[in-house]
Amino acid sequence: MRLPTDMSPDQLEQMDKESLLAIIIALQKQLAEQAALIQELRDQLAKNSRNSGKPPSSDGFKNPRTRSLRRKTGRQSGGQKGHEGHTLQMVAQPDHIEQHNVTRCPYCATNLKEIVSDEYERRQVFDIPPVRLTVTEHQAESKQCPHCRRRIKGSFPANVTQPVQYGPRLKAQAVYLNNYQLLPWARTCEVLGDFYGYTPSEALVLAGNEALTNNIEPTLDTIHRQLIAADVVHFDESGMRVEGRLNWLHVAGTGLLTYYSVHPKRGKEGMVAAGILPQLDGFAVHDHWRSYFTFDNCRHTLSNVHHLRELQFIVDQYEQTWAEDMAGLLLDIKAEVEAAQPEQMTLPVDRLTHFEKRYDALIEQGLAANPPPTNPPAKKRGRKKQSPPKNLLDRLRDRKREVLAFMYDFHVPFDNNLAERDVRMVKVKQKVSGAFRTRKGAETFCAIRSYISTVRKHGVNVIDAIYDAFFGNPFMPLVFEGLPE
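The rules behind these values
Each residue is numbered by its place in its chain's sequence as written, counting from 1. Predicted model: local features are reported for residues with pLDDT of at least 70 only, side-chain atom pairs are reported and counted for 80 or more only, and whole-chain, interface and lining totals are derived from all residues. The basis for every side-chain value is the complete set of non-hydrogen atoms in the structure, without hydrogens or water. Helix and strand assignments come from DSSP, with helices taken as H or I runs of at least 4 residues and strands as E runs of at least 2, each series counted from the N terminus. Summary of the burial criterion: residues with accessible area below 20% of their type's maximum are buried, those above 50% are exposed, and those between are partly exposed, where the area comes from a 1.4 Å probe applied to protein chains only. Any pair of residues with heavy atoms lying within 4.5 Å of one another is described as a contacting pair. Using a 1.4 Å probe, the Shrake-Rupley method yields the accessible areas, and only the shown protein chains count as cover for residues. Here a strand pair is declared whenever DSSP counts at least two bridges between the two strands. Fitting a line to C-alpha atoms yields each axis, with helices limited to the stretch in contact; the angle taken between N-to-C directions then spans 0 to 180 degrees. In this analysis, rings of Phe, Tyr and Trp, with Trp reduced to its six-membered ring, are considered paired at centre separations within 6.5 Å, and the interplanar angle assigns stacked below 30 degrees, edge-to-face beyond 60, and tilted for intermediate values. Geometrically, a charge over a ring is one whose NZ (Lys) or CZ (Arg) sits within 6 Å of the ring centre while staying within 35 degrees of the ring normal. Just to be clear on terms, a salt bridge is a Lys or Arg side-chain nitrogen sitting within 4 Å of an Asp or Glu carboxyl oxygen. Residues adjacent in sequence count toward polar contacts only when both atoms are side-chain atoms; beyond that, a polar contact is any pair of N or O atoms within 3.5 Å, and within protein one must be able to donate a hydrogen and the other to accept it. Comment on the angle field: the value is read as roughly parallel under 35 degrees, roughly antiparallel over 145, roughly perpendicular from 65 to 115, and oblique elsewhere. For any helix crossing, the convention is left-handed if the near helix is rotated counterclockwise from the far helix by under a right angle, and right-handed if that rotation is clockwise. When residue character is reported, Ala, Val, Leu, Ile, Met, Phe, Trp, Tyr, Cys and Pro are called nonpolar, Asp, Glu, Lys and Arg charged, and the others, Gly included, polar. Here, nonpolar core means buried Ala, Val, Leu, Ile, Met, Phe, Trp, Tyr and Cys residues that are tied together by side-chain atoms lying within 4.5 Å of each other. Every helix has an expected span of 1.5 Å times one less than the residues it contains. Any cysteine sulfur atom paired with another within 2.5 Å is treated as part of a disulfide.

Draft legend 1. Geometry of the overall build of the chain. In terms of helices and strands, the chain carries 16 helices and 7 strands. Of all 485 residues assigned to the chain, the portion counted as buried reaches 35%. Put simply, 62% of the contacts in the chain that link residues at least 6 apart link residues at least 24 apart. Only carbon and sulfur atoms are counted for the fraction: they give 51% of the accessible area of the chain, which is about 32400 Å².

Structure representation (structure tokens):
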């Protein structure tokens, strides 16, 4: 209805009451729609990395004042009493010894050259000697057989294929710099040139990546099978540009295993392609992305760090006390779980009941503060539009078991920080390189990064693990023994 807002007071007086009432109702509807739009825009502007899932890089130059979601413990910062420090320790057999002799007394000028020292004060300096490449020449003998008169030549090692080439140790370092330290190909070659005086071509990095990807296939298969057999697996996904289009990086991990895959789809199709969620029997830890819940073969648990951020947003933007109390309740449960005895695997029944009642009461309080609209709009396809507090309340109410899973079973973590850490460095790779120009390049990076991340989680030297893989002996994680083939 078009409103006659340009009418004069005299014209308005001449209109009947029904027309005026229709105008007032239409104006009220318009004001309500505008108020909802303004609130939605305010919510968008108020979101940052502290109170939502947005990354810190999206905060811009005017970063909000950091407010930690952790509770104060009352302890001073730094190492605590009884904490064993870590520093360089002297070695018993140093590689070199330099003696600094005393030749003259600085007080009376007596000559001390002939006086035998009765004590030494020791100091040791750990440093790197000048680094240079070593060149190994392989000479294959050539002989003529006196019997058949044929010329016979010796065999070169399988990895020596060219008249002049770089060795596997340098190639391992190139792969390490490119895939773990996330240096682009050109800068990887520059670093090697600065270190060793020889600057290889980018083809060395490409060849090293391809060779490693082929040789670590048994390791990736083992990682995949062991993740399916794990009791708790963390999942996350994040955007990744491949061939100029938005794709999605999917990660599945535990404290000892990491598996990356890339797919054009974020949801179920991409998760099925990764092949872990559809076969998992244990707990799947993730955010509330609805595609995860399409898999009913596993048990789901939600990351409460996401909930703490969203609750903080509601406190900041809507000033609703139930949200602050709910955040406090989740942290109370977390503290009690952490303080439990090592042999406990769940909270006592009375404590479970106590926390469940507090949880339910806060949900009711929140729903009372955020009632559904009395005159809902005409039903449309898709999810109905609600305020952020109401959306969060519905999730906390409907997914109560998944939210509180960490207090029922201590195997389940409070958050999904492990998967977020596994994703973080891959996002740094995209910031450095911008995008993957080919799908094969993205898949190669995911394969190598899966291998390197798993190696690091086991405390193994990454360069050594890459070097061994070049010779057909890749690192194999044996988290579970006797897995079916």
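Draft legend 2. Representation of the sheet that holds strand E7 (residues 299-302) in the model. Ordered in space as E5-E4-E3-E6-E7, the 5 strands form an open sheet in which the pairing is mixed. Each edge of the open sheet carries a strand with a single partner, namely strand E5 (258-263) and E7. Pairs of neighbouring strands in the sheet enclose a mean axial angle of 25 degrees, with direction left out of account. Here strand E3 (residues 232-242) pairs with strand E6 (residues 283-286) via 3 bridges, running parallel.

Draft legend 3. Examining the side chain of Thr444 more closely. Turning to its location among the elements, Thr444 is positioned in helix H15 (residues 439-457). Its relative accessible area of 14% is what places Thr444 among the buried residues. Those residues in contact with Thr444 that lie beyond four places of it in its chain are Asn209 and Thr213.

Draft legend 4. Main features of the packing of aromatic side chains. Applying the stated criterion across every chain, the model contains 7 aromatic pairs. With 5.5 Å between their ring centres and 45 degrees between their planes, Phe436 and Phe445 make a pair best called tilted. Accessibility classification places Phe436 together with Phe445 in one group, the buried group. When the ring centre of Phe293 is taken as origin, the NZ or CZ atom of Arg399, which lies over that ring, is 3.6 Å away.

Draft legend 5. Looking closely at the pattern of salt bridges. In total, this model carries 17 salt bridges according to the counting rule given. Where Arg266 meets Glu237, a salt bridge forms, and the shortest distance between an N and an O atom there is 2.9 Å. Highlighted residues: Arg266 in the loop between E5 and helix H7 (268-274) and Glu237 in strand E3, separated in sequence by 29 residues. Judged by relative accessible area, which is 24%, Arg266 ranks as partly exposed. In this structure Glu237 comes out as buried when scored by relative accessible area, which is 7%. Close ionic contact of Asp422 with Lys457 constitutes a salt bridge, the shortest N to O distance being 3.1 Å. Of this pair, Asp422 sits in helix H14 (residues 417-433) while Lys457 sits in helix H15, placing them 35 residues apart in sequence. Exposure remark for Lys457: the relative accessible area of 22% places this residue in the partly exposed category. One salt-bridge network, held together by shared partners, links Lys390, Asp394, Arg397 and Asp398.

Draft legend 6. Quick peek at the side chain of Lys390. Note on placement: Lys390 falls in helix H11 (residues 388-398). Assessed through its relative accessible area of 11%, Lys390 is described here as buried. At a separation of 3.2 Å, a polar atom in the side chain of Lys390 contacts the side chain of Gln386. Beyond its immediate chain neighbours, meaning those up to four positions away, Lys390 contacts Leu367 and Asn370.

Draft legend 7. Quick peek at the packing of helix H3 (residues 168-179) against helix H4 (residues 185-196). Interaxial distance between H3 and H4 falls to 9 Å at its minimum, and their mutual angle equals 130 degrees. Considering their axes alone, H3 and H4 lie oblique with respect to each other. The element H3 and its partner H4 pack so that their crossing is right-handed. Residues Leu170, Gln173, Ala174, Leu177 and Asn178 of H3 pack against Trp185, Thr188, Val191, Leu192 and Tyr196 of H4. When its residues are assigned to classes, the contact of H3 with H4 shows 7 nonpolar, 3 polar and no charged.

Draft legend 8. Here's a closer look at the nonpolar core. Counting residues in each nonpolar core, the largest one holds 43 residues, and the members touching the most others are Leu212, Leu227, Phe235, Leu277, Tyr451 and Ile466. Elements with a minimum of two residues in this core: H3, H4, helix H5 (202-215), helix H6 (217-229), E3, H15 and helix H16 (462-470). For this core, the element with the highest residue contribution is H3, accounting for 6 residues. Excluding residues within four positions of it along the chain, Leu277 makes contact with Phe235, Met271, Ala284, Tyr292, Phe295, Asn297 and Cys298. With 38 residues, the next largest nonpolar core counts Leu362, Leu392, Phe406 and Phe414 among its residues.

Draft legend 9. Layout of H14. Under the 1.5 Å per step criterion, the end-to-end length of H14 is 25 Å for 17 residues, consistent within 8% with the ideal 24 Å. Listing the buried residues of H14 in full gives Leu418, Ala419, Glu420, Asp422, Val423, Val426, Lys429 and Gln430. Here the buried face of H14 lies against H3, E3, strand E4 (245-253), E5, helix H8 (304-318) and H15. Count one or two residues on from H14 and you reach Gly434, which has phi positive near 85 degrees.

Draft legend 10. Representation of the pairing of E5 in the model. In terms of burial, E5 is largely enclosed, as 6 of its 6 residues are buried. In terms of strand pairing, E4 meets E5 through 6 bridges, oriented antiparallel. Bridge pairing links Trp248 to His263 in E5. Between E4 and E5, which pair antiparallel and follow one another directly, the connecting turn spans 4 residues.

Draft legend 11. Main features of the environment of Glu40. Relative to the assigned elements, Glu40 resides in helix H2 (residues 17-46). Separated by 347 residues in the primary sequence, Glu40 and Ser387 place their C-alpha atoms 8.3 Å from one another.

Draft legend 12. The state of the cysteines, seen in detail. Throughout the structure, instances matching the rule amount to 0 disulfides. Cys145 forms no disulfide, and the closest cysteine sulfur to it belongs to Cys148, at a distance of 3.7 Å. When its relative accessible area of 24% is taken as the criterion, Cys145 is described as partly exposed.

Draft legend 13. Structural view of the pairing of E3. Judged by how many residues are buried, E3 sits mostly within the fold: 10 of 11 residues are covered. The pairing of E3 with E4 spans 9 bridges and is antiparallel. What sits directly across from Met240, in E4, is Asn247. Count of turn residues in the E3/E4 antiparallel hairpin: 2 residues, of which Glu243 carries a positive phi of about 55 degrees.

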